[in-house]
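Coordinate inspection notes
These are the residues of each chain, in order.
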Amino acid sequence: MGSQLSSARARVKRAFDLIDFNPELQQELAYPMETLSLNLPTRMDDGSRRDFKAWRCRYNSTLGPTKGGIRFHDTVTADEVQTLALLMTLKCALVRLPFGGAKGGVCVDAKQLSIAEKERIAREYVRRAVSFIGPDKDIPAPDVATGEQEMAWMVDEYGRLSQQQRPDTFTGKPIALGGSFGRTAATGKGGFIALQQLLEYLGDLGESDALRLAVQGFGNAGRHFVEAAVAAGHQLVAVADSQVTISDKDGLDFEKLSKVKTEQGSLAAVEGYQSDDASAVLTADCDVLVLAALGDVINADNADQLNCRAIVELANGPIVPAVDEMLIDNGIEVIPDILANAGGVIVSHAEWCQSRVGLRWSESRVDSYLIDTLEDAGERVLSRAREHDIDLRTAAIAEALSHLCAGLVAHGTEEDYISQG
Ligand code: NAD
């Protein structure tokens, strides 16, 4: 089996092959600019020492300081972190933010940690990566199993080490520490904005205007997507977290599920609906399948068993590249991750701007920025898909490459701009 990074690069190559880009860009994106490998020695609550592997990759900084989340998960590898950093490079370019792409991760099962252990790991990560990150260099954010609290610990640790208050070093912070209104909901909300914008292009998805949705993942991204979709009159017919799938063809009660998930931490505690194993959501009968958990969940084992007409990739890389053609042949349209989940980084950019100048934007200003930026990218993806008669993913990557290409050329060749850092 090849690496995740080489599979992701194959998708990029497809866009390169279709459209005539500057070949130097292909060289520029062939390998990550730099990857930091870390060991995080951690004192556990029982007094024992454990060592966790961790990484931070800055894939490319052509367009600006690098940006990307830090995840805590026990499947994290250097290959995954580098692949996700490439995706961030493309995503920031697609939505035309002044950011390059990065990603970080700690190989740890966050569910097994106490709050104090999580804090020690978060602070140790910053101590070890302090020279790699910074407000004009690399700006981390939350990702799987990290959120406002982890960002608060991290920004605090960075402040201690640098002896400066630098809230612009991290985004996704609590409001009290310079976080932005709208950041928590931005990824899910943005995914729904993208779906709404592309509905006409996607064609007939279901029998009625109310779409039947199946959603894998009921965390930050998944839950806010469902909230926006249900508010707009669509129906949630199946949803899964890491333990269970809950389904009801007549529609699930979002408020009830949300309350149980918040109070008890798992959908397994919800009563009154048909429940099944966590992976059952992937083959649920629905109009739109929303992937909002982890990578590689649609693969050669299940790609021909899907019962949906379209997929929204809220998670990063939830479909393995090897099944792209099969989905196209089966008439399943995919709204790709670099567009569908770009809401998070768009509002992170808004937060970074606010933290740099010490201002707070109103919720409506943040919302307008999110909608305008995302819809502008959606328009460009649509027109490229129509112009070249290509799928939405290839169109989105091509659109990102075109902006990166302009950046690369603008840096000039006289002084040979090559990874200034
Ligand atoms: P999260 O930790 O808040 O939620 C993840 C959810 O996935 C949880 O409900 C968990 O139970 C569920 N899950 C885990 N394994 C599962 C499995 N095998 N089957 C079903 N459900 C499973 O994380 P999040 O922030 O919502 O991120 C989810 C995805 O969205 C990730 O791929 C992340 O990279 C991507 N994303 C998040 C953001 C953001 O702003 N949070 C931005 C861009 C992309």
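Our subject in this report is the structure included herewith.

Here the focus is helix α5 (residues 148–162). With 15 residues, α5 extends 21 Å from end C-alpha to end C-alpha; this agrees with the ideal 21 Å at 1.5 Å per step. Looking one or two places after α5, you find Gln 163, whose phi comes out positive at around 55°.

Attention now moves to the sheet that holds strand β1 (residues 34–43). Pairing is mixed across the open sheet formed by five strands, whose spatial order is β1-β2-β4-β3-β5. Unpaired on one side and paired on the other, β1 and β5 (138–142) mark the two borders of the sheet. When the angles between neighbouring strand axes are averaged without regard to direction, this sheet yields 20°. Bridging between strand β2 (residues 49–60) and strand β4 (residues 100–107) involves six bridges; their strand directions are antiparallel. Counted as the bridge partner of Arg 56 is Gly 104 from β4. Together, β1, β2, β3 (66–73) and β4 form the strand contacts of helix α3 (residues 78–94), whose direction differs from that of β4 by roughly 150°.

What follows deals with the packing of aromatic side chains. A complete count under the given rule lists five aromatic pairs for this structure. When the ring of Phe 99 is compared with that of Trp 352, the centres are 5.0 Å apart and the planes differ by 65°; the resulting orientation is edge-to-face. Here Phe 99, found in the loop between α3 and β4, pairs with Trp 352, found in helix α11 (residues 343–357); they are 253 residues apart in sequence, far enough to count as distant. In this pair, the class of Phe 99 matches that of Trp 352, namely buried. Both rings, one in Trp 361 and one in Tyr 369, keep their centres 5.7 Å apart while their planes meet at 90°; by these two values the pair is edge-to-face. Judged by its relative accessible area of 21%, Tyr 369 is partly exposed. A cation sits over an aromatic face here: Arg 9 above Tyr 31, 5.2 Å from the ring centre. Over the aromatic face of Phe 181 sits the side chain of Arg 360, whose NZ or CZ is 5.4 Å from the ring centroid.

This next bit is on the nonpolar core. Among the nonpolar cores identified, the biggest contains 90 residues, and Ile 335 and Leu 401 are the most heavily contacted of them. Ignoring anything within four residues of it in the chain, the contact list for Leu 401 reads Val 12, Ala 15, Phe 16, Phe 21, Leu 25, Leu 29 and Leu 90. Leu 38, Ala 129, Val 155 and Phe 170 belong to the second-largest nonpolar core, a separate cluster that totals 23 residues.

This part is about the packing of helix α7 (residues 220–231) against helix α8 (residues 254–264). Packing of α7 against α8 leaves a shortest axis separation of 11 Å and a crossing angle of 160°. The angle between α7 and α8 places the two elements in the roughly antiparallel class. In this structure, α7 crosses over α8, and the sense of that crossing is left-handed. Residue-level contacts link Arg 223, Val 226, Glu 227 and Val 230 of α7 to Phe 254, Ser 258, Lys 261 and Thr 262 of α8.

Close to the ligand lie 23 residues, the nearest being Asp 143, Thr 187, Ala 221, Asp 241 and Asn 316. Between the ligand and Asn 220, the relevant distance is 2.9 Å, taken from an oxygen atom to a main-chain nitrogen or oxygen of the residue. Computed on the free molecule, the ligand has an accessible area of 830 Å², of which 84% lies beneath the protein chains in the complex. At the level of elements, α6 (183–202) and α7 are the ones that each hand at least two residues to the shell around the ligand. Residues that form the shell around the ligand fall into these classes: 10 nonpolar, eight polar and five charged.

Here the focus is the pairing of strand β7 (residues 235–240). Of all six residues that make up β7, five are buried, and the element is covered over most of its length. Strand direction decides the pairing type here: strand β6 (residues 212–216) and β7, joined by five bridges, are parallel. Each bridged residue has a counterpart across the sheet, and for Ala 214 the counterpart in β7 is Ala 238. On the question of chirality, the crossover connecting β6 to the parallel β7 by way of α7 is right-handed. Pairing geometry for β7 and strand β8 (residues 244–247), over three bridges, is antiparallel. Bridge pairing in β8 links Ala 238 to Ser 247. Where β7 folds back on β8, the antiparallel hairpin that results is connected by three residues.

Rules used throughout
- Residues numbered from 1 in each chain as written.
- Predicted model: local features only at pLDDT ≥ 70, side-chain atom pairs only at ≥ 80, totals over all residues.
- Heavy atoms only, no water.
- Helix = DSSP H or I, 4+ residues; strand = E, 2+ residues; numbered from the N terminus.
- Expected span 1.5 Å × (residues − 1).
- Pairing = 2+ DSSP bridges.
- Axes fitted to C-alpha atoms, helices over the stretch in contact; angles between N-to-C directions.
- Contact = heavy atoms within 4.5 Å.
- Phe/Tyr/Trp six-rings, centres within 6.5 Å; stacked < 30°, edge-to-face > 60°.
- Buried < 20%, exposed > 50% of the residue type's maximum accessible area, 1.4 Å probe, protein only.
- Lys NZ or Arg CZ within 6 Å of the ring centre and 35° of its normal.
- Core = buried A, V, L, I, M, F, W, Y, C linked by side-chain atoms within 4.5 Å.
- Parallel < 35°, antiparallel > 145°, perpendicular 65-115°, else oblique.
- Left-handed = near helix turned anticlockwise from the far one by under 90°.
- Near = heavy atom within 4 Å.
- Polar contact = N/O pair within 3.5 Å; in protein donor to acceptor, adjacent residues only side chain to side chain.
- Areas by Shrake-Rupley, 256 points an atom, 1.4 Å probe, with all protein chains shown as cover.
- Nonpolar A, V, L, I, M, F, W, Y, C, P; charged D, E, K, R; others polar.
- Right-handed = clockwise from strand over helix to strand, strands pointing away.

Fair warning: the whole summary comes from geometry, so function is off the table for now.
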